[in-house]
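Here are the chains, one letter per residue:
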Amino acid sequence: MKIELAVIGQGAVSPAGVGVDALLHREPAPASVAALGQPDQPWPVLRVDLKDPAFARWQREPRLRRASSMTFFLVEAAEQALAGVSPADRAETGLIVAFSAGCITYSRRFFEGIVRQGMASPALFPETVFNSPVSHVASVLGLNGAAYALVGDETAWVAALKTASVWLQKERVRQVLILGAEEFDPIVLDAYRSVRWLRRQTSANGFLASEGAAGILVRRAGPEDATRITTARDGFIYRTKKEAALAAERLLSESDPAKPCYQSAQHNWLGSLEKRVTENRPLAPVDDRPYLGEAFTASAAWHILRALSCLNDQVPRLLLPVWGLNHQLGLLELETRKKSEFPRQDADDRLF
């Protein structure tokens with residue numbers, strides 16, 4: 001699907017720190033966390049530091065006094081992406097947030113309270129709903145356009161971009177803020193262990209559970225917009241490893257083999273497939289970027305920011321596969337244009 005979205009704002013929260021610069025250059029330090037079902041077995045996990053001063057203003061916000069950690073990740077990443085946007089323009093901004101397991105962890109905590117204590121904290125219940133953090137972000141930041149929550153693996157991020165493109169084409173909003181977020185809970189370690197994603201935790205390339213958020217502010221690309229997302233494709237669905245291999249082969253089959261490809265699956269079970277389908281393609285120069293762990297839609301959002309940072313005069317276009325860990329694969333095409341590539345405007349056509 002051709003989408004032609006101009007990227008006009010970026011924001012990130014990750015275990016490496018707050019901000020896009022930390023996302024690109026800082027090395028996160030893992031903490032040791034035990035799985036709920038196996039408390040004697042600790043695993044390295046990458047966590048966001050909520051004591052970072054950037055979160056202080058949101059923790060003082062009355063509406064957010066009982067909000068989830070994921071809400072703080074989201075609202076901080078969103079505010080970064082909206083920097084410089086006026087209140088009037090925010091009022092015409094749509095919001096789409098892609099989730100994976102984050103809010104489900106609050107259902108687990110709510111149920112745990114009932115089992116252990118015979119009751120659960122009422123403060124937990126609102127956060128069990130995926131729309132809850134979406135509502136918090138829209139309210140606190142004054143976003144009065146359409147708001148929508150999507151749930152899935154990493155490829156929910158692709159669906160969010162496609163949805164934003166439709167909104168903009170139909171002129172429902174002036175611009176769209178697209179966010180991906182994940183909050184860690186120890187219960188996910190039991191799931192990851194059961195599917196053997198954690199079995200290589202001692203390896204330098206091992207899987208690490210993570211959390212955080214990131215986002216981009218987009219509008220319909222105009223002649224003056226240099227950085228843009230031009231294509232979003234999904235639907236490469238799989239149910240078995242064999243089907244995943246076939247989906248990976250199809251993923252890049254219709255793309256220009258000369259376009260560089262951004263690699264992001266080196267640390268998860270899809271890494272071998274990624275290596276195979278990209279071995280004859282030029283690669284984006286990101287080998288020195290620190291590993292931030294696996295955080296589903298948050299990871300997909302982190303990777304698009306990292307991939308966008310690779311675009312320059314030498315690498316004006318690249319492919320960004322989106323490796324969904326448990327459902328499907330997707331593909332984005334990114335580009336940047338030189339000023340010389342912008343359409344010329346004759347003096348007689350200028351408004352001023």
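Note that the structure is predicted; figures quoted are calculated from it, not measured.

Re the layout of surface pockets
Part 1 of the reasoning: Space inside the second largest pocket adds up to approximately 260 Å³.
Part 2 of the reasoning: Classifying every residue of the lining of the second largest pocket gives 6 nonpolar, 6 polar and 4 charged.

A look at helix H5 (residues 104–117)
Part 1 of the reasoning: With 14 residues, H5 should reach 20 Å at 1.5 Å per residue; the first-to-last C-alpha distance of 20 Å fits that figure.
Part 2 of the reasoning: Packing partners of the buried residues in H5 comprise helix H3 (69–81) and helix H8 (187–194).
Part 3 of the reasoning: Looking one or two places after H5, you find Gly 118, whose phi comes out positive at around 80°.

Points about the environment of Ala 181
Part 1 of the reasoning: Examined against the element boundaries, Ala 181 turns out to sit in strand S7 (residues 175–182).
Part 2 of the reasoning: As for Ala 181 and Gly 215, which are separated by 34 residues in sequence, their C-alpha atoms are 8.8 Å apart.
Part 3 of the reasoning: For Ala 181, the residues in contact, after removing those within four places along its chain, are Met 70, Leu 74, Ala 98, Phe 99, Ser 100, Gly 212, Ala 213, Thr 297 and Ala 298.

Thoughts on the domain arrangement of the protein chain
Part 1 of the reasoning: In terms of domains, the protein chain is made up of domain 1 (2–220) and domain 2 (227–339).
Part 2 of the reasoning: On a C-alpha basis, the centroid separation for the pair domain 1 and domain 2 is 21 Å.
Part 3 of the reasoning: Overall, the association of domain 1 and domain 2 removes approximately 3700 Å² of surface from exposure, summing both partners, and the carbon and sulfur fraction of that is 63%.
Part 4 of the reasoning: In this structure, the salt-bridge partner of Glu 4 is Arg 228, at a minimum N-O distance of 3.2 Å.
Part 5 of the reasoning: Counting the contacts that link domain 1 with domain 2 gives 21 residue pairs in polar contact (both at pLDDT 80 or more).
Part 6 of the reasoning: Of all elements in the fold, only strand S1 (2–14), helix H1 (20–25), strand S5 (93–99), helix H7 (156–169), S7 and strand S8 (212–220) reach the threshold of two or more residues within the side of domain 1 that touches domain 2.
Part 7 of the reasoning: Here the side of domain 1 that touches domain 2 takes 11 residues from S1, the largest share from any one element.

As for the nonpolar core
Part 1 of the reasoning: If you look at the biggest cluster of nonpolar residues, it comprises 47 residues, and the most contacted ones within it are Leu 161, Ile 216, Ile 304, Leu 332 and Leu 334.
Part 2 of the reasoning: When near neighbours in sequence (up to four residues on either side) are disregarded, Leu 334 contacts Arg 228, Ile 229, Ile 304, Ala 307, Leu 308, Leu 311, Pro 316, Arg 317, Leu 318 and Leu 320.
Part 3 of the reasoning: The next biggest cluster of nonpolar side chains, apart from the first, holds 33 residues, and it includes Ala 67, Leu 74, Ala 149 and Ala 213.

Structural notes on the environment of Leu 161
Part 1 of the reasoning: Summarising the element assignment, Leu 161 is placed in helix H7.
Part 2 of the reasoning: A C-alpha to C-alpha distance of 9.9 Å links Leu 161 and Arg 233, two positions 72 residues apart in sequence.
Part 3 of the reasoning: If we ignore the near neighbours within four places in the chain, the residues touching Leu 161 are Ile 3, Leu 5, Ile 178, Ile 216, Ile 229, Ile 304 and Leu 332.

Some details on H8
Part 1 of the reasoning: Buried within H8 we find Val 188, Leu 189, Asp 190 and Tyr 192.
Part 2 of the reasoning: Against strand S3 (31–35) and strand S4 (38–45) lie the buried residues of H8.
Part 3 of the reasoning: Where H8 terminates, the next one or two residues include Arg 196, which has phi positive at roughly 65°.

Quick word on the packing of aromatic side chains
Part 1 of the reasoning: Enumeration over the complete set of coordinates arrives at 7 aromatic pairs.
Part 2 of the reasoning: Where Phe 99 meets Phe 130, the ring centres are 5.4 Å apart and the plane angle is 50°; that geometry is what we call tilted. Here Phe 130 lies in the loop between H5 and helix H6 (131–141) and Phe 99 lies in strand S5, a separation of 31 residues in the sequence. The exposure classification of Phe 99 matches that of Phe 130, with both residues buried.
Part 3 of the reasoning: With a centroid separation of 5.5 Å and 40° between ring planes, the pair formed by Trp 197 and Phe 207 is classed as tilted. Of this pair, Trp 197 sits in the loop between H8 and S8 while Phe 207 sits in the loop between H8 and S8, placing them 10 residues apart in sequence. Phe 207 carries the same exposure label as Trp 197, and that label is buried.
Part 4 of the reasoning: Following the ring pairs from residue to residue traces out a cluster consisting of Tyr 192, Trp 197, Phe 207 and Phe 296.

Quick notes on the rules
- Residues numbered from 1 in each chain as written.
- Predicted model: local features only at pLDDT ≥ 70, side-chain atom pairs only at ≥ 80, totals over all residues.
- Heavy atoms only, no water.
- 1 Å grid on protein atoms, 1.4 Å probe; cavity = no way out; pocket = protein on both sides within 12 Å on 5 of 7 lines; lining within 4 Å.
- Points joined across faces, edges and corners; volume = space filled by probe spheres on them.
- Nonpolar A, V, L, I, M, F, W, Y, C, P; charged D, E, K, R; others polar.
- Helix = DSSP H or I, 4+ residues; strand = E, 2+ residues; numbered from the N terminus.
- Expected span 1.5 Å × (residues − 1).
- Contact = heavy atoms within 4.5 Å.
- Domains from an automatic or database assignment.
- Buried area = accessible area lost by both parts, 1.4 Å probe.
- Salt bridge = Lys/Arg side-chain N within 4 Å of Asp/Glu carboxyl O.
- Polar contact = N/O pair within 3.5 Å; in protein donor to acceptor, adjacent residues only side chain to side chain.
- Core = buried A, V, L, I, M, F, W, Y, C linked by side-chain atoms within 4.5 Å.
- Buried < 20%, exposed > 50% of the residue type's maximum accessible area, 1.4 Å probe, protein only.
- Phe/Tyr/Trp six-rings, centres within 6.5 Å; stacked < 30°, edge-to-face > 60°.

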